[in-house]
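# Structural features, examined
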Amino acid sequence: MSHSEPRRLVILGVAASDSHAVANHLIAHALRGLGFEVENLGTCTPVEEFAQACEEHPDAEAVIIGSLNGHVHEDLRDLPAAREAGRITCPVIVGGNLSVGSKKDPRDLERLHALGVDRILQDPAQLLPALDELRASRTADADRQRLPVAS
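Quick notes on the rules
- Residues numbered from 1 in each chain as written.
- Predicted model: local features only at pLDDT ≥ 70, side-chain atom pairs only at ≥ 80, totals over all residues.
- Heavy atoms only, no water.
- Pairing = 2+ DSSP bridges.
- Helix = DSSP H or I, 4+ residues; strand = E, 2+ residues; numbered from the N terminus.
- Axes fitted to C-alpha atoms, helices over the stretch in contact; angles between N-to-C directions.
- Contact = heavy atoms within 4.5 Å.
- Buried < 20%, exposed > 50% of the residue type's maximum accessible area, 1.4 Å probe, protein only.
- Right-handed = clockwise from strand over helix to strand, strands pointing away.
- Core = buried A, V, L, I, M, F, W, Y, C linked by side-chain atoms within 4.5 Å.

As recorded in an unreviewed UniProt entry, the protein goes by Cobalamin-dependent protein and comes from Streptomyces nondiastaticus.

Okay, here's the thing in structure tokens:
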């Protein structure tokens, strides 16, 4: 990343009821290696802590939440209120094992979107492309807002 490019900051953590740390550390390490600044909140992170981190880092381009124990739906029950209150305004990305048991229900993904999750990743390799796509989309939206209105 050159000095002329703005820093890329993400907020990373593991869902509230989940103490799985290895993937969290690997993702933080990989993102830092790509030039990202990572505010890593670690394991067992409630929505409130993600919201506080967003307030402290309003330039964060995403909140990335991992979950391996399958209880992410319950862990993110406060996400709609935090988003509605404007405490988490950047995109929210969730990845990992997102439901309990071996049978996966496609409605689990719909439920996460209904909670306010913007992207659901099945594989850590999808993270950088998702971040780049979200950044490009936000840049395009900002550019459209700056265009003069024709009269």
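## Some details on the sheet that holds strand 4 (residues 92-96)
To summarise the sheet geometry, strands pair through backbone hydrogen bonds and adopt either a parallel or an antiparallel arrangement. Spatial strand order, 2-1-3-4-5: 5 strands in an open sheet with parallel pairing. Each having just a single partner strand, strand 2 (37-40) and strand 5 (119-121) make up the two edges of the open sheet. Each adjacent strand pair in this sheet contributes to an overall mean axis angle of 25 degrees, direction not counted. Bridge count for strand 1 (residues 9-14) against strand 2 is 4 bridges, and the pairing is parallel. By the bridge assignment for strand 2, valine 10 is matched with valine 38. Lying on the sheet, helix 2 (residues 47-56) is in contact with strand 1 and strand 3 (62-67); it crosses strand 1 at an angle near 165 degrees.

## Side note on the pairing of strand 1
When you tally the buried positions in strand 1, you get 6 out of 6 residues, the bulk of the element. Note on the crossover from strand 1 through helix 1 (residues 22-33) to strand 2: the handedness is right-handed. As judged from the 5 bridges shared by strand 1 and strand 3, these two strands associate in the parallel manner. Residue pairing in the sheet places valine 14 in a bridge with glycine 66 of strand 3.

## Observations regarding the nonpolar core
Counting residues in hydrophobic clusters, the biggest one holds 24 residues, and the most contacted among them are Val63, Leu76 and Ile88. Top element by residues in this core is helix 2. It accounts for 5 residues. When sequence neighbours within four positions are dropped, the list of residues in contact with valine 63 reads Ile11, Phe50, Cys54, Ile88, Cys90, Pro91, Val92 and Ile93. Among the nonpolar cores identified, the runner-up in size contains 14 residues, and Ala28, Leu31, Ala62 and Leu121 belong to it.

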